[in-house]
Amino acid sequence: MSKTVTPEELEAAMLGLLLERGPGKTIGPADVAQALGGNQPDGWGPLMQPVRKVAVRLMKEGRIVILRKGRPVDPDDFRGTYRLALPPAET
């Protein structure tokens, strides 16, 4: 798959998956990459870094939360495995 995926497409896929999953549920960055790149690692693997960049931007905008071990991370300084979630609803 040689199609270039734009940040806008990544954002739409990420938010769509999160809304589909619902409040209180998380998705992995690979879920977003596979939604656009397919199930083959050579299709979704190259999308992992762009997914991370979009996730960081959306967290800074307050639109999603990046979690590591169930806790929100500093979007400018996190490593390892992470999950994505919608921010908690304001009541």
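Here, the structure is the one placed above.
Residues numbered from 1 in each chain as written. Predicted model: local features only at pLDDT ≥ 70, side-chain atom pairs only at ≥ 80, totals over all residues. Heavy atoms only, no water.

Peer 1: Whenever I open this one, the pattern of salt bridges confuses me. Can you help?
Peer 2: Under the defined criterion, the tally for this structure stands at five salt bridges. Salt-bridge contacts for Glu61 lead to Arg57; the nearest nitrogen and oxygen are separated by 3.3 Å. Take Arg57: its relative accessible area is 31%, and that puts it in the partly exposed class. A salt bridge links Glu61 to Arg63, with the shortest nitrogen-to-oxygen separation between them at 3.2 Å. By relative accessible area, Glu61 is classed as partly exposed at 44%. For Arg63, a relative accessible area of 35% puts it in the partly exposed group. (Salt bridge = Lys/Arg side-chain N within 4 Å of Asp/Glu carboxyl O. Buried < 20%, exposed > 50% of the residue type's maximum accessible area, 1.4 Å probe, protein only.)

Peer 1: For this particular structure, what's the right way to read the nonpolar core?
Peer 2: For soluble globular proteins, the rule of thumb is that nonpolar side chains tend to be buried together. Counting 26 residues, the largest nonpolar core has Met14, Val32, Val51, Ile64, Ile66 and Leu84 as its most contacted members. Mapped onto this core, the elements with two or more residues apiece are helix H1 (7-21), helix H2 (29-37), helix H4 (48-60), strand E2 (65-68) and strand E4 (83-85). Those residues in contact with Ile66 that lie beyond four places of it in its chain are Ala55, Val56, Met59, Arg71, Pro72, Val73, Phe78, Tyr82, Arg83 and Leu84. (Core = buried A, V, L, I, M, F, W, Y, C linked by side-chain atoms within 4.5 Å. Helix = DSSP H or I, 4+ residues; strand = E, 2+ residues; numbered from the N terminus. Contact = heavy atoms within 4.5 Å.)

Peer 1: Got a minute to help me understand unusual backbone geometry in this structure?
Peer 2: Glycine aside, residues mostly have negative phi angles, and peptide bonds mostly take the trans form. Unlike most non-glycine residues, Lys69 shows phi in positive territory, near 55°. Residue position: Lys69 is located in the loop between E2 and strand E3 (71-72).

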